[in-house]
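# Residue-level structure breakdown
Single-letter residue listing:
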Amino acid sequence: MTVQPKVVIVGAGIVGCALSDELTARGWTDVTVLEQGPLFATGGSSSHAPGLVFQTNASKTMTEFASYTVRKYSDLTLDGQWCFRRVGGLEVATTPERLAELKRKHGLATSWGVQGSLLDPDQCATLHPLLDREQVLGGLHVPTDGLAKAVRAGEAQARRAIGRGARFLPHHTVTGFESAGGRVTAVVTDRGSFPADVVVSCAGFWGPRIGRMAGLTVPLVPLAHQYARTTPVPALAGHTTEQLEASKPILRHQDRDLYYREHGDRIGIGSYAHRPMPVDLDDVAPPALPQAPQTPQQPPQQMPSMLPFTEEDFAQPWADSQALLPALTRAKVEEGFNGIFSFTSDGFPLLGEAPELRGFWVAEAVWVTHSAGVARAMAEWLVEGTPRTDVHECDLNRFEPVQLAPAYVHRRSCQNFVEVYDIIHPLQPMEEPRPLRVSPFHSRQRELGAFFLEASGWERPHWYETNRDLPEVAAVPGRGAWASRYWSPIAGAEALATRERVAMYDMTALKRLEVTGPGSLALLQYLTTNQLERPVGSVTYTLMLDETGGVRSDLTVARLGPERFQIGANGPLDLDWITRHLPGDGTVQVRDTTAGTCCIGLWGPLARDLVQPLTDADFSHKGFGYFKARQAHLGNVPVTAMRLSYVGELGWELYTTADCGPKLWDTLWEAGQPLGVVAAGRSAFNSLRLEKGYRSWGTDLTAEHNPYEAGLGFAVRMEKGDFVGRHALLGLTEQTVPRRLACLLLDDPQAVVMGREPVYLDGAPAGYVTSAAYGYSIGASIAYAWLPGAAAEPGTRVTVEYFGEQLPATVTEEPLFDPKMTRLRC
Ligand code: FAD
Ligand code: THG
């Protein structure tokens with residue numbers, strides 16, 4: 001590719017416009033934006049978005065995208081007109097559950113650096129005098145939230161881009177792409193084709209159609225959403241001007257799935273209270289023609305993204321609105337429409353490069369709220385090679401194949417519409433479609449009364465009801481209502497039984513990749529940080545970094561043959577990353593073996609007593625050392641055994657092919673009966689791994705963090721030769737990094753938190769919790785948290801905000817359990 005690549009952006013909505021600005025600002029100025037409609041009210045979702053920007057989100061990344069949007073658009077004007085007004089955001093609670101949720105949300109805002117405050121009903125009513133004070137139990141106020149003018153902000157950014165050399169071509173409908181050697185080379189439109197090195201599809205809800213032209217599945221669903229405006233509200237007369245539009249905070253009434261803003265003296269009402277209304281792209285009207293008449297007498301052609309208002313769906317929302325804002329009883333619904341925008345199966349946008357067509361990127365399913373932040377991350381990704389914000393939650397390639405089934409995408413995306421304002425527990429799975437993927441142990445687990453939650457499509461036992469009679473259950477302390485959801489004291493008994501006896505954990509959902517071929521060692525050496533040039537039979541814990549030294553994943557790599565490696569990975573993005581780095585000469589193959597295989601983690605002090613009688617192979621400490629792998633037979637079952645343990649106990653991960661799964665389960669189960677073996681679930685697992693200090697990628701650390709900050713410097717061998725990210729680590733040490741992942745113990749052992757809570761140092765927010773659990777063997781409540789380097793020293797006193805309460809905690813030496821590794825190396 002040339003130094004100055006030819007970029008074509010599809011779509012001049014807010015995302016395409018923002019991206020053109022961010023790219024040209026970074027020196028990529030050969031940018032052409034192709035838009036099927038007119039500029040800049042193109043007819044897409046941005047053309048009529050009411051532009052409410054509420055920044056707070058459970059995701060740190062999404063919150064940061066929103067905060068950047070606020071900062072950027074606040075400084076933008078178009079011909080002297082504002083693009084963003086910080087009128088503030090007010091979310092009100094009318095139920096006790098929502099009031100608690102707002103406290104939790106205040107915590108999230110604080111964790112991600114957004115300032116907000118909890119208000120009592122009087123304060124809410126003062127801030128927004130239209131509110132019926134009697135209905136409101138409290139509110140969350142974020143002063144920097146506000147209103148974005150999407151079309152204006154789009155045009156303002158486009159003008160800056162045009163000033164740097166970009167061009168915007170309206171009435172150009174993209175109809176296809178040309179490619180050569182797996183790379184995109186041109187964009188075809190109804191008015192000729194445009195050569196391109198890089199294409200970014202910013203086509204909003206048309207994304208799936210554009211994707212199809214490029215052979216790519218874009219898993220989003222266009223859904224209609226109701227927005228209405230009232231007639232003038234007498235109580236608002238004189239409060240603001242047509243030009244300023246609003247004088248009060250934007251408002252959310254989530255208990256009724258509604259939101260509000262002012263339009264001068266009218267109120268705009270958005271409703272998620274209706275049934276999901278998916279839209280077939282084939283039914284969407286074509287864009288406006290170039291010469292479409294636009295006179296006051298003849299209104300512009302209806303925009304493709306606007307469908308007729310279905311009044312019957314708005315009856316209840318209107319009644320609910322009049323109840324919350326009694327002044328509305330003196331107004332009417334004057335106009336409304338059902339506007340189309342994108343939903344995805346997990347609520348996150350779709351960002352990244354197509355797996356099979358190099359140079360073809362997407363940035364879709366993006367709200368106005370996140371538009372500038374997304375555009376900045378995309379521009380960094382394209383120009384610098386790595387986005388500076390961790391985007392793994394948004395990565396286009398994050399899905400498992402089952403999650404790309406049209407039926408799945410449809411069902412889950414519609415459900416996300418339904419749940420958009422619901423109070424969702426961090427562990428709460430969607431109910432449908434389930435089950436999707438089950439391990440070969442599923443029928444055994446059901447017999448044992450497994451309580452299943454879902455991850456990456458897999459049904460995973462969290463605990464087993466048949467363990468209710470374990471003597472340890474009685475000793476497990478209770479916990480608060482929120483932390484008790486998707487939890488049972490049985491999990492505690494399973495954890496204790498693991499430490500005392502032996503337990504079977506279904507590890508099938510752990511992603512397994514097989515890397516083979518003469519170039520496999522060299523590739524893995526280049527892609528990861530630890531020394532992999534070790535004898536066959538070695539297992540190594542290692543990290544994949546990006547070019548900036550951020551941790552993309554932590555892996556175990558087992559060398560099963562001179563040119564054959566089995567990788568224990570974290571998800572589809574690991575496969576995607578390795579695939580992207582395969583040498584072109586065909587000397588390395590990579591394959592996802594997860595679905596055809598299965599795994600039981602057999603862990604506990606009696607693990608060896610259980611397994612040794614089943615096999616001729618030597619499973620003694622001398623014969624089968626820690627972090628070694630070998631093939632063996634256990635009874636009738638051929639296994640690959642790896643001696644490692646994420647729960648920190650003696651034992652093995654035992655892999656076999658899926659067909660032999662039930663036999664493996666039964667063999668271990670029967671042999672374990674005299675030893676008191678238990679089946680144990682993820683809930684116990686998570687507690688045990690935190691006692692042991694083992695990080696979980698994606699939760700405790702992401703690409704935002706380098707290995708030293710994350711306490712994983714031990715897995716980096718700087719002297720082994722070059723590897724991706726090495727240059728970025730030069731000069732860094734665990735002692736000198738500005739922030740660190742620290743282990744906290746809460747003073748009150750009954751106070752179990754969930755993760756993402758803010759941590760305060762000397763009364764000021766200083767970091768946030770990543771993972772938390774009660775440690776059953778140590779009898780204390782654990783929380784891992786990011787803190788400034790200096791504060792991460794043992795002994796530092798902090799507080800963790802949980803539902804508005806400040807829970808005292810102390811930074812503690814880690815790991816909390818078995819720091820000398822006596823239980824593993826024996
Ligand atoms: P769009 O604005 O749809 O732009 C995509 C562009 O691609 C379009 O201009 C389209 O014409 C063009 N295009 C498509 N196909 C082709 C082709 N083949 N060739 C050339 N060009 C093509 N978000 C918020 O943050 N806050 C809100 O308050 C808010 N309220 C909303 C209310 C309603 C009623 C609706 C419908 C949406 C709302 N949204 C809100 C969501 C928000 O509007 C969208 O998420 C956002 O505007 C999407 O921007 P975009 O640039 O990705 O898509
Ligand atoms: N098993 C296997 N692969 C995996 C995981 C697993 N890959 C993804 C994820 N889990 C990786 N995470 C860890 C974290 C810690 C350890 C193993 C996998 C671990 N660490 C020891 C320690 O830190 O003391 C040993 C490290 C070392 O000796 O280098 O065991 O669960 N297969």
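In what follows, the structure referred to is the one given above.
For the structure given in this document, a descriptive report is provided here. (Residues numbered from 1 in each chain as written. Chains lettered and ligands numbered in written order. Predicted model: local features only at pLDDT ≥ 70, side-chain atom pairs only at ≥ 80, totals over all residues. Heavy atoms only, no water.)

What follows deals with the site of ligand 2. Close to ligand 2 lie 17 residues; Asp554, Thr556, Gly568, Tyr646 and Glu653 are nearest. Between ligand 2 and Asp554 there is a distance of 3.1 Å, counted from a nitrogen atom to a side-chain nitrogen or oxygen. One nitrogen or oxygen atom from the side chain of Tyr655 is found 3.4 Å from a nitrogen atom belonging to ligand 2. For ligand 2, whose free accessible area comes to 650 Å², the fraction covered by protein is 88%. Taken together, the elements giving at least two residues each to the shell around ligand 2 come down to β30 (551-561), β31 (564-569) and β36 (651-657). Considered class by class, the residues forming the shell around ligand 2 number 12 nonpolar, three polar and two charged. (Near = heavy atom within 4 Å. Polar contact = N/O pair within 3.5 Å; in protein donor to acceptor, adjacent residues only side chain to side chain. Areas by Shrake-Rupley, 256 points an atom, 1.4 Å probe, with all protein chains shown as cover. Helix = DSSP H or I, 4+ residues; strand = E, 2+ residues; numbered from the N terminus. Nonpolar A, V, L, I, M, F, W, Y, C, P; charged D, E, K, R; others polar.)

Another point: the environment of Ala483. By the secondary structure assignment, Ala483 is in helix α11 (residues 481-484). Look at Ala483 and you get buried, because its relative accessible area is 2%. In this structure the C-alpha to C-alpha distance between Ala483 and Val753, which are 270 residues apart in sequence, comes to 6.6 Å. Look past the residues within four positions of Ala483 in its chain and what remains in contact with it is Val752, Met754 and Tyr802. (Buried < 20%, exposed > 50% of the residue type's maximum accessible area, 1.4 Å probe, protein only. Contact = heavy atoms within 4.5 Å.)

Next up on the list: the side chain of Gln566. Relative to the helices and strands, Gln566 is located in strand β31. Once you skip the residues sitting within four places of it in the chain, Gln566 turns out to touch Arg512, Leu513, Thr556, Val557, Ala558, Leu560, Met642 and Tyr655.

Taken together, 35 residues lie around ligand 1, and Glu35, Thr42, Ser46, Val366 and Thr369 are the ones closest in. With respect to ligand 1, the backbone of Val15 contributes an N or O atom lying 3.1 Å from an oxygen atom. In the complex, the protein chains occlude 98% of the 1,000 Å² of accessible area that ligand 1 would expose alone. Elements with a contribution of two residues or more to the shell around ligand 1: α1 (14-25), β16 (220-230) and β22 (333-344). Here the element with the most residues in the shell around ligand 1 is β22; it accounts for four residues.

Core analysis: the biggest nonpolar cluster contains 83 residues, and Tyr505, Leu744 and Val753 have the highest contact counts within it. Aside from chain neighbours lying at most four places away, what touches Leu744 is Val759, Ser781, Ile782, Ala783, Ala785, Leu787, Val798, Val800, Ala809, Thr810 and Val811. One finds Ala161, Val200, Cys202 and Phe348 within the second-largest nonpolar core, a separate group that totals 50 residues. (Core = buried A, V, L, I, M, F, W, Y, C linked by side-chain atoms within 4.5 Å.)

Below, the discussion takes up the pairing of strand β25 (residues 450-455). Remark: a regular strand shows side chains that alternate across the two faces of the sheet. Most of β25 sits out of view: five of its six residues are buried. Note: β25 against strand β26 (residues 458-464), six bridges, orientation antiparallel. For Ala455, the partnering residue across the bridge sits in β26 and is Trp458. From the end of β25 to the start of β26, which pair antiparallel, there are two residues, and Ser456 there has a positive phi angle of about 50 degrees. (Pairing = 2+ DSSP bridges.)

Summed over all chains, the structure comprises zero disulfides. Considering cysteine sulfurs only, Cys598 is the nearest to Cys599, which forms no disulfide, with 7.7 Å between them. Its sulfur unpaired, Cys826 is 19 Å from the next cysteine sulfur, which belongs to Cys599. You can call Cys826 partly exposed: its relative accessible area is 35%. (Disulfide = S-S within 2.5 Å.)

Attention now goes to the sheet that holds strand β38 (residues 739-746). Read around the barrel, six strands follow the order β38-β41-β40-β39-β42-β43 and close on themselves; strand pairing throughout is antiparallel. If you compare each strand with its neighbour and ignore which way they point, the axes differ by 40 degrees on average. Alignment of strand β39 (residues 758-761) against strand β42 (residues 797-802), held across two bridges, turns out to be antiparallel. Within β42, the residue paired with Val759 across the bridge is Val800. (Axes fitted to C-alpha atoms, helices over the stretch in contact; angles between N-to-C directions.)

With that settled, the discussion passes to empty space enclosed by the protein. Summed over the entire model, instances satisfying the criterion amount to four cavities of 30 Å³ or more. For the lining of the largest cavity, the leading source of residues is helix α3 (residues 96-111), giving four residues. Tallied by class, residues from the lining of the largest cavity come to six nonpolar, three polar and five charged. Estimates place the volume of the second largest cavity at around 50 Å³. In terms of lining residues, the second largest cavity is bounded by Pro461, Tyr464, Tyr505, Asp506, Met507, Ala680, Gly681, Arg682 and Phe685. Among the elements of the structure, β26, β27 (503-506) and α17 (682-691) are those that each provide at least two residues to the lining of the second largest cavity. Considering only residue class, the lining of the second largest cavity consists of six nonpolar, one polar and two charged. (1 Å grid on protein atoms, 1.4 Å probe; cavity = no way out; pocket = protein on both sides within 12 Å on 5 of 7 lines; lining within 4 Å. Points joined across faces, edges and corners; volume = space filled by probe spheres on them.)

A few words on unusual backbone geometry. Cis rather than trans, the peptide bond between Leu39 and Phe40 has omega equal to -5 degrees. Here Phe40 is to be found in the loop between β2 (31-34) and β3 (52-53). The amide bond that connects Glu432 to the next residue, Pro433, takes the cis arrangement and shows omega of -15 degrees. Within the secondary structure, Pro433 is located in the loop between α9 (406-418) and α10 (442-447). Residue Asp257 is not a glycine yet carries a positive backbone phi of 60 degrees. Its place among the elements puts Asp257 in the loop between β17 (250-253) and β18 (258-263). For Asp818, which is not a glycine, the phi torsion comes out positive at approximately 50 degrees. Looking at the element boundaries, Asp818 is found in the segment after β43 (805-812).

Let's shift gears to the packing of α1 against helix α2 (residues 60-74). The N-to-C vectors of α1 and α2 enclose an angle of 75 degrees; their axes lie 14 Å apart at closest approach. In terms of their interaxial angle, α1 and α2 are classed as roughly perpendicular. Judged by residue contacts, Ile14, Ala18, Asp21 and Glu22 of α1 engage Tyr68, Lys72 and Tyr73 from α2. (Parallel < 35°, antiparallel > 145°, perpendicular 65-115°, else oblique.)

The subject of this paragraph is the pattern of salt bridges. All chains considered together, the criterion is met by 50 salt bridges. Close ionic contact of Arg252 with Glu91 constitutes a salt bridge, the shortest N to O distance being 3.3 Å. Of this pair, Arg252 sits in strand β17 while Glu91 is found in strand β7 (residues 89-93), placing the two residues 161 residues apart along the sequence. Here Arg252 and Glu91 have matching classes, each one buried. The salt bridge involving Glu245 is made with Lys149; its shortest N-O contact spans 2.6 Å. Here the residue Glu245 occupies a position in the loop between β16 and β17, and Lys149 occupies one in the loop between β10 (146-148) and α5 (150-163), the gap between them amounting to 96 residues. On the accessibility criterion, Glu245 (9% relative accessible area) is buried. (Salt bridge = Lys/Arg side-chain N within 4 Å of Asp/Glu carboxyl O.)

With that settled, consider the pairing of strand β23 (residues 350-353). Bridge count for β23 against strand β24 (residues 360-364) is four bridges, and the pairing is antiparallel. Bridge pairing in β24 places Gly352 opposite Val362. Taken together, β23 and the strand that follows it, β24, pair antiparallel across an intervening segment of six residues, in which Gly359 is found at a positive phi of about 85 degrees.

Glancing now at the layout of surface pockets. Take a probe with the size of a water molecule and roll it over the atoms, and the empty space left behind shows itself. Of the pockets and cavities examined, the second largest pocket occupies roughly 620 Å³. Residue lining of the second largest pocket: 27 residues in total, with Pro355, Glu356, Asn397, Phe399 and Leu404 positioned closest to the centre. The element best represented in the lining of the second largest pocket is helix α14 (residues 572-580), accounting for four residues.

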